[in-house]
Amino acid sequence: MEQLKSDDSFREAVIIGLSEGSLIGMVEAEQDSAVGFISIVGAGRPIDGVLMEQLAAQLSEGLLEEARQIISQLMGGEQVETVRPELQSVFRPSV
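Description of the structure in this document. None of these values were measured; they are calculated from a predicted model. (Residues numbered from 1 in each chain as written. Predicted model: local features only at pLDDT ≥ 70, side-chain atom pairs only at ≥ 80, totals over all residues. Heavy atoms only, no water.)

A short note on the overall build of the protein chain
Put simply, the rule reads: Under the DSSP-based scheme used, a helix requires at least four consecutive residues in state H or I and a strand at least two consecutive residues in state E, with every element numbered from the N terminus. We compute the radius of gyration over the C-alpha atoms and compare it with the globule rule, which gives 2.2 Å times the number of residues raised to the power 0.38. Contact between two residues is taken to exist if any of their heavy atoms lie within 4.5 Å; hydrogens are not considered. Note that accessible areas follow from Shrake-Rupley with a 1.4 Å probe, and for residues the cover is restricted to the protein chains shown. The charge count includes Lys and Arg as positive and Asp and Glu as negative, but it does not include His or the ends of the chains. A charge is said to be at NZ when it belongs to Lys, at CZ for Arg, at CG for Asp and at CD for Glu.
Looking only at helices and strands, the protein chain features five helices and two strands. Each helix (α) and strand (β) of the protein chain, taken in turn from the N terminus, gives the series α-β-α-β-α-α-α. Expected size for 95 residues packed as a compact globule is a radius of gyration near 12 Å; at 17 Å, the protein chain overshoots this value by more than 25%. By its C-alpha atoms, the protein chain is 55 × 25 × 20 Å across when sized along the principal axes. Considering only intrachain contacts with a sequence separation of at least 6, the fraction spanning at least 24 residues in the protein chain is 22%. Accessible surface, the protein chain: about 7,100 Å² in total, of which carbon and sulfur atoms supply 52%. Each charge sign in the protein chain was given a centre, from 6 positive and 16 negative side chains, and these centres are 4 Å apart.

Structure follows, in structure tokens:
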């Protein structure tokens with residue numbers, strides 16, 4: 001958005017978010033005063049429930065319980081310091 005705002009070729013910007021990127025796009029559109037936002041197959045329910053549903057189909061009970069705890073901490077606004085390697089793809093710091 002900053003690059004678009006600094007380029008005189010663009011007067012306005014609309015942000016498009018795809019799938020889980022819809023949440024990021026929605027936040028970005030609000031923060032950067034985009035004139036519009038388009039969500040393509042964005043989650044129609046809270047992301048913690050969607051994530052737990054997806055993880056339940058893939059993880060052992062032990063890893064699933066750890067994922068529940070991590071999600072609970074994140075939903076409470078807390079940072080999670082230690083995450084097992086098996087869960088890094090979902091809960092790495094950059095995500």
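That was the structure; now back to the text.
A closer look at a nonpolar patch on the surface
For clarity, the threshold we go by: Only residues above 30% relative accessible area that lack a salt bridge enter a patch, with like-charged residues linked at up to 9 Å and the nonpolar side chains Val, Leu, Ile, Met, Phe, Trp and Tyr linked at up to 5 Å. We define a salt bridge as a contact between a side-chain nitrogen of Lys or Arg and a carboxyl oxygen of Asp or Glu at a distance within 4 Å.
Judged by side-chain polarity, Val14, Ile16, Leu18, Val35, Ile38, Ile40 and Val41 come together as a nonpolar surface patch covering roughly 650 Å² of accessible area. Mapped by element, the contributors of at least two residues to the nonpolar patch are strand E1 (14–18) and strand E2 (36–40). With three residues, E1 is the single largest residue contributor to the nonpolar patch.

What to know about unusual backbone geometry
Outside of glycine, negative phi angles account for most residues, and trans bonds account for most peptide bonds. Which entries qualify depends on this criterion: When a residue's accessible area, from a 1.4 Å probe over protein chains only, is under 20% of the maximum for its type it is buried; when over 50% it is exposed; and in between it is partly exposed.
One non-glycine residue, Val41, lies in positive phi territory at about 45°. As for its placement among the helices and strands, Val41 is situated in the loop between E2 and helix H3 (47–56). Taking relative accessible area as the criterion, Val41 reaches 64% and is therefore assigned exposed.

Looking at helix H2 (residues 21–31)
Our working rule: The arc under discussion is defined with respect to the helix axis, by the directions toward the C-beta atoms.
Among all positions in H2, only Ser22, Gly25 and Ala29 are buried. Viewed end-on, H2 has its buried residues packed into an arc of 60°, placing them on one side of the element. Summarising the geometry of H2, the exposed residues directed more than 90 degrees from the buried face are Ile24, Glu30 and Gln31. Lining the buried residues of H2 we find E1 and E2. Looking one or two residues past H2, Ser33 carries a phi angle of roughly 55°, positive in sign.

Overview of the side chain of Ser22
Basically, it comes down to this: A 3.5 Å cut-off defines polar contacts: any pair of N or O atoms within that distance qualifies, except that in protein one atom must be a possible hydrogen donor and the other a possible acceptor, and neighbouring residues in sequence count only when both atoms are side-chain atoms.
By the secondary structure assignment, Ser22 is in helix H2. Residue Ser22 is classed as buried on the basis of its relative accessible area of 3%. One polar contact links the side chain of Ser22 to the main-chain carbonyl oxygen of Gly17, over a distance of 2.8 Å. With residues near it in sequence (within four places) discarded, Ser22 still touches Gly17, Phe37, Ser39, Ile40 and Gly42.

Some remarks on the pairing of E1
Selection rule: Here a strand pair is declared whenever DSSP counts at least two bridges between the two strands. Whether a crossover is right-handed comes down to one check: with the strands pointing away from the viewer, does the path from the first strand over the helix to the second run clockwise; if it does, it is right-handed.
Here E1 shows a buried face lined by Ile15 and Gly17 and an unburied face lined by Val14, Ile16 and Leu18. Of the pairings in the sheet, the one linking E1 to E2 comprises five bridges and is parallel in character. Bridging across to E2, Val14 finds its partner in Gly36. Since E1 and E2 lie parallel, the crossover through H2 that links them has a hand, and here it is right-handed.

Keep in mind these values describe shape, not function.
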